[in-house]
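Spelled out from the first residue to the last, the chains are:
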Amino acid sequence: MIYKKYSFQSEAQALALIDALGTFEEEGKVYPSHIHTVVKLGFLPTNVADEEIPPTFSDKYSVDVLWRGLKLDEEENPIFPEGWVENELNSLLNYKHNFYGLTYEE
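Summary of the structure given here. As the structure is a computational prediction, the values presented were derived from the model and not from experiment. (Residues numbered from 1 in each chain as written. Predicted model: local features only at pLDDT ≥ 70, side-chain atom pairs only at ≥ 80, totals over all residues. Heavy atoms only, no water.)

Per the counting criterion, the structure on display carries two salt bridges. Close ionic contact of K4 with E88 constitutes a salt bridge, the shortest N to O distance being 3.1 Å. Residue K4 is found in strand β1 (residues 2-8), and its partner E88 is found in the segment after β5 (61-67); the two are separated by 84 residues along the sequence. Judged by its relative accessible area of 8%, K4 is buried. K5 is paired through a salt bridge with D64; the nearest N and O atoms lie 3.2 Å apart. One end of the pair, K5, is in strand β1; the other, D64, is in strand β5, and 59 residues separate them in sequence. On the basis of relative accessibility, which here comes to 3%, the residue K5 falls in the buried class. (Salt bridge = Lys/Arg side-chain N within 4 Å of Asp/Glu carboxyl O. Helix = DSSP H or I, 4+ residues; strand = E, 2+ residues; numbered from the N terminus. Buried < 20%, exposed > 50% of the residue type's maximum accessible area, 1.4 Å probe, protein only.)

Encoded structure:
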């Protein structure tokens, strides 16, 4: 398993890449058909709000993914699906989500 964090220009961009991982529809509902765990965090707060300071939010849409069963290249590095690597988050500032017991890999 590999834990990665991503930041997208829009929610639509993130949802398109998530859908590209594979889905199926049953009784009008759409379900994932892949084995990865995807957490849609949305637009994260960028400050600590209180009664005097209203919250401000990032203009980037955040997603965490717990990748499973990725193919490996000849050097044993995981091969991520197209469109994900370029949106990988490099800064963890204001990032609160974790998968219990797993460490984020930079």
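What follows picks up the thread again.
Glancing now at the pairing of strand β3 (residues 29-32). In terms of strand pairing, strand β2 (residues 23-26) meets β3 through four bridges, oriented antiparallel. By the bridge assignment for β3, E25 is matched with V30. Where β2 folds back onto β3 in an antiparallel hairpin, the turn is made up of two residues, including E27, whose phi is positive at roughly 50 degrees. (Pairing = 2+ DSSP bridges.)

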